[in-house]
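Okay, here's what each chain looks like letter by letter:
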Amino acid sequence: MKNEFYIGYINKLPKQTAKTIKKSIFVLIFVFVASGVVIALHHQKVSNSKFELGQLSTIEGYYFNEPVPMIKLLEGKDIHGNHIFKSIPLVNYAKFGVEELVGIYEEENKISLQGKKVKIVGTYLYDDGKALFELTKRAESILEVSSLNDPAIKEMIQPKIEKLGVNSIKGEIVDSKCYFGAMRPGFGKTHRACAVRCISGGIPPVLAATNYSGEVNYFLIRGSEKEAINKEVLPYVAEPVRLTGELVKIDDWMVIYVNPKSGIERVKN
Amino acid sequence: MSHQYKAIHWNPQKKAYDLLIVLLIISYLLAFVGVSAIIHPNLDPVNLLIRAFGSLSLLLLHLVLIIGPLCRLSARFLPMLYNRRHLGVSTFLIAAFHGILSLIQFHAYGDSNMLISLFTANTQYTSLAQFPFQVLGFFALIILFFMAATSHDFWLKNLGQNFWKRLHMLIYLVYILVIMHVMLGVIQLESSPLLVIFLCIGFSLVIGLHLLAGWKEVKLDRQLQELKDDGYLLVGSINSWEEGKARIVNNGKQRIAIFKNGNEFSAISNRCAHQGGPLGEGQVIDGLITCPWHGYQYRTDDGCSPPPFTEKVSTFNLQLLGDKILVDPIPNQPGTKGEQVKL
Ligand code: HEM
Ligand code: FES
């Protein structure tokens, strides 16, 4: 390359330089495409959860604020003629829970929603047989509230409670909204900060525990006095933990009542 | 050069360069988004964009980092250096899109200001595995912002070459921050080793090329320092020059480029007044010493850029002893005439 010299503002590339640059351009394009493919292949952990974004549904069911604000839908009867209910925890738009919204609604309308029949409009989130419902239009999502007069119906909708004793369960604390569909993936290290934001905003925390056969079980997390312990679980979100507390099955959800001071410990993966 | 500042002095080389940048960006995004859409149709589209732009900015950062040493190793890569600042600014813009999208997706619409949330949502600052990796990305982005914002020659001039150069050396800090951002972030989530392998190859390439280029220069400096001769440094026999080119000696503090132009020898500082490019790797074009990096030019006798330009570099005095050229290691004031050797 004797005396070959490139000057940017003179517009012709010297011969050897042009050759090298041409080769480099091909190499670069190859490297960029190949890296795109390889890095895309690297991502494996994407969940199958769904968020019916933009698709509003109107549902009618019975409102309960324990263990978390949820609506109980009548799904039909089993072969023994027993009613089957599906309990659907409610979440607010964005990174907020519904407790505050329900409180304001109750105050403004001088009514308690507990045990009432409610009609709401919003968006479904679901995964793994569990569903959640987002009050997409916030307070305006609550369309109708009616009291139950028939004692038979009152009786029918009473939660079925099964106490399972004290248990220790290993898993990961996730924010239920993102995990069950608002974000995919909505768990693990990269989602930690977002999960903290959501749980801090009142979204119910859930322990997702994978058992030996790879099946995931879900436990709503409440304090040992049945209180919300969202703030207390924040430091433990999205990492391997063991929760110890009273295990109770309420209808189709498991709930673990944990003393936030003594019932949460970090564990190795 | 510096007589007036336009936003960008366009020329066909710069246009071709920018076209290539756009082409690379598009080919990466198409490959990444295409493959992701096929294998993970359920991936959140915002997360998909976050990942696509994050990983793309890291790839571009590698390119920014290897161009310097590649040019040191072979002048044939110099066209890649000519408009490197546009590559740097593109890297910043892509990274900014990634960072801002992440801030909105993971921190906005909650019970806290999103910038406060960035620092306080994850507080495991003492844990390695749980470390708030997003904060590392944030600092990298801030540094990239300052580099991109000062990339124009206007700032180079106003901040002074030394400060500007030091600021732009922070690119290595950015690289380390981003590697940690990825190692403590997405690599903690995924179990596939592909990204780790990718980072290792990238890291080896960056470090390897820098070592190779550094070693070449150290070797040169060592060899040349042995040529000392009472005060003046011995450069070499008048027959050892290629026409229009320089030989370089190191006076212990800086490198000196001694050019042969016809039967005239002249010495100037090896450091270009623009971004410190190696003048001794340049050539004499139309009687002017021309920097290999962006083509700034200096007169052989006094080290001044020809009017209307105002750059100046130091000159050095030369002597002829037999057929040997000797150089005074003490520089003259930048822009003043040095003693040349005329055969
Ligand atoms: C405000 C600044 C930033 C924030 C908040 C941020 C946030 C994030 C988050 C949350 C992820 C994980 C995404 C996921 O996979 O779910 C991520 C990944 C990543 N970030 Fe950043 N980041 C920032 C700046 C940067 C900068 C400046 C760079 C590079 C120049 C960068 C490069 C990357 C890379 C390469 C990944 C891995 C992408 C992948 O999943 O393959 N980030 N970042
Ligand atoms: S460093 Fe830019 S022209 Fe010399």
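Residues numbered from 1 in each chain as written. Chains lettered and ligands numbered in written order. Predicted model: local features only at pLDDT ≥ 70, side-chain atom pairs only at ≥ 80, totals over all residues. Heavy atoms only, no water.

**Digging into the UniProt feature "transmembrane region" (unreviewed entry) in chain B**
Residue and element names in this part refer to chain B. Note the following rule: UniProt positions are given in the numbering used here, feature names are shortened, and annotations may be inferred rather than shown by experiment. Only DSSP runs of H or I reaching four residues or more are called helices, and only runs of E reaching two or more are called strands; each is numbered from the N terminus.
The sites that carry the UniProt feature "transmembrane region" (unreviewed entry) are, in the present numbering, residues 20-40, 52-75, 87-108, 128-149, 170-189 and 195-215. With 95% helix and 0% strand, residues 87-108 has its two end C-alpha atoms placed 30 Å apart. Annotated as residues 128-149, this span is 77% helix and 0% strand, and its ends, taken at the C-alpha atoms, are 33 Å apart.

**A short note on the packing of aromatic side chains**
Residues and elements named next belong to chain B. Test applied: Aromatic rings from Phe, Tyr and Trp, taking only the six-membered ring of Trp, are treated as a pair when their centres fall within 6.5 Å; an angle between ring planes under 30 degrees marks them as stacked, one over 60 as edge-to-face, and anything in between as tilted. Only protein chains enter the accessibility calculation, which uses a 1.4 Å probe; a residue whose area is less than 20% of its type maximum is buried, one above 50% is exposed, and one in between is partly exposed.
Inspection of every chain in the model, using the stated rule, returns 18 aromatic pairs over all chains. Seen in terms of ring centroids, Phe 119 and Phe 138 are 5.5 Å apart; in terms of plane orientation they differ by 85 degrees. Their pairing is edge-to-face. Of the two residues, Phe 119 is situated in helix 5 (residues 114-120) and Phe 138 in helix 6 (residues 133-149); the sequence distance between them amounts to 19 residues. Residue classification places Phe 119 among the partly exposed positions, given a relative accessible area of 28%. Here Phe 138 and Phe 139 contribute two aromatic rings whose centre-to-centre distance is 5.7 Å and whose plane-to-plane angle is 70 degrees, an arrangement assigned as edge-to-face.

**Side note on the confidence of the model for chain A**
To keep things clear, this is the line we draw: Every residue is assigned a pLDDT by the predictor, reflecting its confidence on a scale from 0 to 100.
In this model, chain A carries a mean pLDDT of 90, and residues with pLDDT of at least 70 account for 97%. The lowest-confidence element of chain A is strand 1 (residues 50-51) of chain A, averaging 84 in pLDDT; the highest-confidence one is strand 12 (residues 253-258) of chain A, averaging 96.

**As for the coordination of the iron atom of ligand 1**
All names here are of chain B. Convention followed: Each metal's donors are the N, O and S atoms within 2.8 Å of it, or within 3.2 Å when it is Na, K or Ca, and because water is not part of the set, sites may look incomplete. Donor angles set the geometry label: tetrahedral for four donors if every angle is between 85 and 135 degrees, square planar for four and octahedral for six if opposite donors exceed 155 degrees and the others are between 65 and 115, irregular for anything else.
Within the protein, His 98 (NE2) and His 181 (NE2) serve as the donor atoms for the iron atom of ligand 1, at 1.9 to 2.0 Å. Around the iron atom of ligand 1, the 6 donor atoms sit at angles spanning 86 to 179 degrees, and that spread fits a shape best called octahedral. Here His 98 is found in helix 4 (residues 84-107), whereas its partner His 181 is found in helix 9 (residues 171-183), with 83 residues between them in sequence. Residues His 98 and His 181 agree in their burial class; the two are buried.

**Let's talk about the site of ligand 1**
Where we set the bar: A molecule or strand has a residue near it when one of that residue's heavy atoms lies within 4 Å. Each polar contact in these results corresponds to two N or O atoms within 3.5 Å; when the atoms are within protein, one needs to be able to donate a hydrogen and the other to accept it, and residues that are neighboring in sequence are counted only if both atoms are side-chain atoms.
Taken together, 24 residues lie near ligand 1, and His 43 of chain A together with Arg 51, Gly 54, His 98 and His 181 of chain B sit nearest. Neighbouring residues of ligand 1 are distributed over chains A and B. At 3.1 Å, a side-chain N or O of His 43 of chain A approaches an oxygen atom of ligand 1. At 2.7 Å from a nitrogen atom of ligand 1 is found a side-chain nitrogen or oxygen belonging to His 98 of chain B. Of all the secondary-structure elements, those providing two or more residues to the shell around ligand 1 are helix 2 (45-73), helix 4, helix 6 and helix 9 of chain B. The greatest single-element share of the shell around ligand 1, amounting to 6 residues, is contributed by helix 2 of chain B.

**Describing the interface of chain B and chain A**
Interfaces are often sized by the accessible area lost when the parts come together. How we decide: Any two residues whose heavy atoms approach within 4.5 Å are treated as being in contact. Accessible surface is computed with a 1.4 Å probe, and the buried area is the amount of it that two parts give up when combined, taken over both parts together. Under the grouping applied here, Gly and all other residues not named as nonpolar or charged are polar, the nonpolar ones being Ala, Val, Leu, Ile, Met, Phe, Trp, Tyr, Cys and Pro and the charged ones Asp, Glu, Lys and Arg.
Each partner contributes residues to the interface: chain B has 75 residues there, and chain A has 64 residues. Summed over both sides, the interface of chain B with chain A buries roughly 6,000 Å², with 64% coming from carbon and sulfur. If you sort the residues of chain B by the area they bury against chain A, Asn 42, Arg 76 and Leu 189 of chain B come out on top, with a joint share of 12%. Counting every contact that joins chain B to chain A gives 17 residue pairs in polar contact (both at pLDDT 80 or more). Of all the elements in the fold, those that place two or more residues in the side of chain B that touches chain A are helix 1 (12-39), helix 2, helix 3 (78-82), helix 4, helix 6, helix 10 (186-189), helix 11 (194-225) and strand 6 (283-285) of chain B. Of all the elements, helix 1 of chain B adds the most residues to the side of chain B that touches chain A, at 12 residues. For the side of chain B that touches chain A, the class distribution of residues is 39 nonpolar, 27 polar and 9 charged.

**Description of the pattern of salt bridges**
Residue and element names in this part refer to chain A. For clarity, the threshold we go by: What makes a salt bridge here is a side-chain nitrogen of Lys or Arg within 4 Å of a carboxyl oxygen of Asp or Glu, nothing more.
Applying the stated criterion to the full structure yields 18 salt bridges over all chains. A salt bridge links Glu 265 to Arg 242, with the shortest nitrogen-to-oxygen separation between them at 3.2 Å. Of this pair, Glu 265 sits in strand 13 (residues 264-266) while Arg 242 sits in strand 11 (residues 240-250); the two residues are 23 residues apart in sequence, bridging distant segments of the chain. When its relative accessible area of 30% is taken as the criterion, Arg 242 is described as partly exposed. Residues joined by salt bridges that share partners form a network here, namely Arg 192, Glu 239 and Arg 266.

**Some details on the pairing of strand 2 (residues 57-64) of chain A**
All names here are of chain A. This is how it is decided: DSSP-based pairing: two strands are paired if at least 2 bridges between them are found.
Taking burial as the measure, the 8 residues of strand 2 include 6 buried ones, the bulk of the element. In this structure, strand 2 lies alongside strand 5 (residues 117-127), joined through 6 bridges in antiparallel fashion. Across the sheet, residue Gly 61 finds its bridge partner in strand 5, namely Val 118. Bridge count between strand 2 and strand 3 (residues 70-77): 3 bridges; the pairing is antiparallel. Residue Tyr 62 lies in a different strand from strand 3, and its bridge partner there is Lys 72. What sits between strand 2 and strand 3 in their antiparallel hairpin is a turn of 5 residues.

**Topic: unusual backbone geometry**
In this structure, Pro 185 of chain A follows Arg 184 of chain A across a cis peptide bond, with omega equal to 10 degrees. Among the secondary structure elements, Pro 185 of chain A is positioned in the loop between helix 4 (176-182) and helix 5 (192-200). Its identity as a non-glycine residue notwithstanding, Asp 128 of chain A has a phi of 55 degrees, on the positive side. Along the chain, the position of Asp 128 of chain A falls in the loop between strand 5 and strand 6 (130-135). The exposure class assigned to Asp 128 of chain A is partly exposed, which follows from its relative accessible area of 47%. At Tyr 109 of chain B, a residue that is not glycine, the phi angle is positive and equals roughly 55 degrees. Tyr 109 of chain B sits in the exposed class, given a relative accessible area of 58%.

**Points about empty space enclosed by the protein**
Residues and elements named next belong to chain A. Where we set the bar: Here a cavity is any set of points on a 1 Å grid over the protein atoms alone where a 1.4 Å probe fits but cannot get out, and a pocket is any open set with protein on both sides within 12 Å along at least 5 of 7 lines; a residue lines the site when it has an atom within 4 Å of a point. Grid points are joined across faces, edges and corners, and a volume is the space filled by probe spheres set on the points. Where each domain starts and ends comes from a domain assignment, either automatic or drawn from a database.
Going through the model one piece at a time under the given rule, you end up with 4 cavities of 30 Å³ or more. Estimates place the volume of the largest cavity at around 90 Å³. Among the residues forming the lining of the largest cavity, the class breakdown is 8 nonpolar, 3 polar and 2 charged. The two domains that each donate at least three residues to the lining of the largest cavity are domain 1 (50-157) and domain 2 (161-266).

**With respect to the pairing of strand 12 of chain A**
Residue and element names in this part refer to chain A. Summarising burial for strand 12: 5 of the 6 residues are buried, a large majority. The sheet contact formed by strand 10 (residues 216-223) and strand 12 spans 5 bridges and is parallel. Bridge assignment links Gly 223 to a residue of strand 12, and that residue is Val 258. Taken together, the 6 bridges between strand 11 and strand 12 define a ladder with antiparallel strand orientation. Its bridge partner lying in strand 12, Glu 246 is registered against Tyr 257. Taking the residues between adjacent antiparallel strands as the criterion, strand 11 and strand 12 are bridged by 2 residues, where Asp 251 takes a positive phi near 50 degrees.

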